[in-house]
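Residue-level listing of the chains:
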Amino acid sequence: SSADANISGYNRIGGIVGENTSTIKNVSAKGAVIGNSYIGGVAGFATGTITQAHSDNSVSGRTYVGGFIGYANGTITYGYSESNVNGVSNVGSFAGVVYDSGNVTLSFAKGDVIGSDYVGGFAGANSGYIQYSYSIGEVVGSGNNVGGLLGSLTGRVLNSYYNSETSGQSDAGK
C-alpha cells in the first residue's frame, strides 16, 4: 500500500504511521512530513518490524528526524529513503537515531540532510546495529557530531558505507 499526503503534527509523526509496535510491510510514502520530535518518512517511532518500505518525502522537525524513520528501536530490513531531511538534533537521511535494540539491515538513503548536532548521511546517531547499508546524499551540519554515514557511533556497524564525494564529508570510523 502507499500514501501520498502532506502530514503535520507534534510528536511521533510518520508518512505511514506515527508509532509502529507490530509489523509494516510493502509500503511506500510520499509527500511532506512535518513535526517536532520523532518524525519520519515512513514512521516516527518504531519498536516493531518494518520490511520492504520506501519513502520519498520532505521531512522536517526538531529532534529525532529521519527520512525513513525518526527513532528506530526495532527491526528494519530493505528500507529505502529518497527523502530530504531538515532538523536540529539527531537528524539522518534514513534515521534520526538507531537506538539500542534497533537493527537496520540492507537499507539505503539517497536524500540530503541538514541539521546542527548529531547529523549523519544515514543516521544522526547509532547505539544499535546497522549492517549492509549505505547513504549517498549531501550532509550539512553546523554543530557537533556530523558524519557521512553517522553523526555519532556507540553501537555496531557492519559492511556499511557512505559516498565521501556526494556527502561532502570525509570522516573515518563513523
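Remember, it's a predicted structure, so these values are computed and weren't measured experimentally. (Residues numbered from 1 in each chain as written. Predicted model: local features only at pLDDT ≥ 70, side-chain atom pairs only at ≥ 80, totals over all residues. Heavy atoms only, no water.)

Along the chain, the position of G137 falls in the loop between β20 (134-135) and β21 (139-141). Put simply, G137 and V88 are 49 residues apart on the chain and 17 Å apart in space, counted from C-alpha to C-alpha. Not counting residues within four places of it along the chain, the set of residues in contact with G137 comprises A109, K110, G111, D112, T166 and S167. (Helix = DSSP H or I, 4+ residues; strand = E, 2+ residues; numbered from the N terminus. Contact = heavy atoms within 4.5 Å.)

Here six strands make up an open sheet; going across it, the order is β3-β6-β9-β13-β18-β23 and the pairing parallel. The open sheet has two edge strands, β3 (17-20) and β23 (150-153), and neither has a second partner. Here the average twist between neighbouring strands, direction ignored, is 5 degrees. Note that strand β9 (residues 69-72) and strand β13 (residues 95-98) share three bridges and pair parallel. Across the sheet, the residue bridging to Y71 is V97, located in β13. (Pairing = 2+ DSSP bridges. Axes fitted to C-alpha atoms, helices over the stretch in contact; angles between N-to-C directions.)

Direction of pairing for strand β4 (residues 23-34) relative to strand β7 (residues 49-60): parallel, over a ladder of 11 bridges. From the neighbouring strand, A29 faces β7, where its bridge partner is S55. Pairing of β7 with strand β10 (residues 75-81) involves six bridges; the strand directions are parallel. Among the inter-strand pairings, T51 is bridged to a residue of β10, identified as T77. Here three bridges tie β7 to strand β11 (residues 84-86), and the two strands are oriented parallel to one another. Bridge assignment links V59 to a residue of β11, and that residue is V85.

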